[in-house]
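Secondary and tertiary structure notes
Here are the chains, one letter per residue:
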Amino acid sequence: MADWFNTLPLEALDRQQWEALCDGCAKCCLHKLEDEDSGEVYYTKVRCRYLDEDNCRCSDYERRSVLVPNCVHLTVENSAEFDWLPSTCAYRLRAHGEPLPEWHPLVSGDRDSVHRAGVSIRGRAISDEYVHPDGYDEHIITWVE
Ligand code: SF4
Ligand code: SF4
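These lines cover the structure that appears in this document, whether it is placed above or below. (Residues numbered from 1 in each chain as written. Chains lettered and ligands numbered in written order. Predicted model: local features only at pLDDT ≥ 70, side-chain atom pairs only at ≥ 80, totals over all residues.)

What follows is about the site of ligand 2. Neighbouring ligand 2 are the residues Cys29, Cys48, Tyr50, Leu51, Cys58, Arg64, Leu67, Val68 and Cys71. Of the residues assigned to the shell around ligand 2, the class counts are 8 nonpolar, no polar and 1 charged. (Near = placed C-beta within 6 Å. Nonpolar A, V, L, I, M, F, W, Y, C, P; charged D, E, K, R; others polar.)

Within the open sheet, the 3 strands sit side by side as β1-β2-β5. Their pairing is mixed. With one partner strand each, in any of the chains shown, β1 (30-34) and β5 (126-127) form the two edges of the open sheet. One ladder, built from 2 bridges, connects strand β2 (residues 41-47) with β5; its direction is parallel. Bridge pairing links arginine 47 to serine 127 in β5. (Pairing = 2+ DSSP bridges. Helix = DSSP H or I, 4+ residues; strand = E, 2+ residues; numbered from the N terminus.)

The next subject is the pairing of β2. Consecutive side chains of a regular strand alternate in pointing toward one face of the sheet and then the other. Bridge analysis of β1 against β2 gives 4 bridges, and the strand direction is antiparallel. From the neighbouring strand, glutamate 34 faces β2, where its bridge partner is valine 41. Turn length for the β1-β2 hairpin, with the two strands adjacent in sequence and antiparallel, is 6 residues, and the turn residue glycine 39 shows positive phi of about 80°.

Here the focus is unusual backbone geometry. As a rule of thumb, non-glycine residues mostly have phi less than zero, and peptide bonds are mostly trans rather than cis. Positive phi outside glycine occurs at alanine 26, with the angle close to 70°. For cysteine 56, which is not a glycine, the phi torsion comes out positive at approximately 55°. Relative to the helices and strands, cysteine 56 is located in the loop between β3 (51-52) and β4 (57-58).

Before going further, it helps to spend a moment on the site of ligand 1. Every one of the 13 residues lining ligand 1 counts as a neighbour, but Cys22, Asp23, Cys25, Cys28 and Cys89 are closest to it. Among the residues forming the shell around ligand 1, the class breakdown is 10 nonpolar, 1 polar and 2 charged.

With that settled, consider the nonpolar core. Counting residues in hydrophobic clusters, the biggest one holds 24 residues, and the most contacted among them are Cys25, Ala26, Cys29, Leu30, Tyr91 and Ile121. Residue assignment for this core shows that the elements contributing at least two residues are β2 and α4 (90-95). Among the elements that make up this core, the one with the highest residue count is α4 (4 residues). For isoleucine 121, the residues in contact, after removing those within four places along its chain, are Cys25, Ala26, Lys27, Leu30, Arg47 and Cys56. (Core = buried A, V, L, I, M, F, W, Y, C linked by C-beta atoms within 7 Å. Buried ≥ 20, exposed ≤ 12 C-beta atoms within 10 Å, placed from the backbone. Contact = placed C-beta atoms within 7 Å.)

Note that every value here comes from positions in space, so none of it alone points to a role or purpose.
Right, dumping it as structure tokens:
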């Protein structure tokens, strides 16, 4: 099925399809702050140090849970809680039955289209090696919704 990514529900994806659904934007590897009173989540431009920012991929995907204990694993079982993800995230879109955008690599056939469309964090983030956690609030951004 050529357009499986827009027709199959998340529950029907095999492991390879599940992994391919990621658009490679890396927005989920940015640190977030949560307002304790309102529960609102604010994205910062501070990124995980293990992200290879040039290609927006985890530099040690297999060991990510060991390296970063709070690195979030997206699974079909927790798909009801995907609304903290960016509005552009393919998993969030598909959890709501929405189609992937035209810049998604599965639609365009080109892994760079997510970068050309200005959707990824490439060139816009700072590694958490250089920012004290108490200072994350100085790096809150509005370009992730
Ligand atoms: S936000 Fe979603 S689509 Fe983007 S890198 Fe993270 S999991 Fe993949
Ligand atoms: S460990 Fe890898 S997947 Fe997890 S937040 Fe860091 S860069 Fe992203």
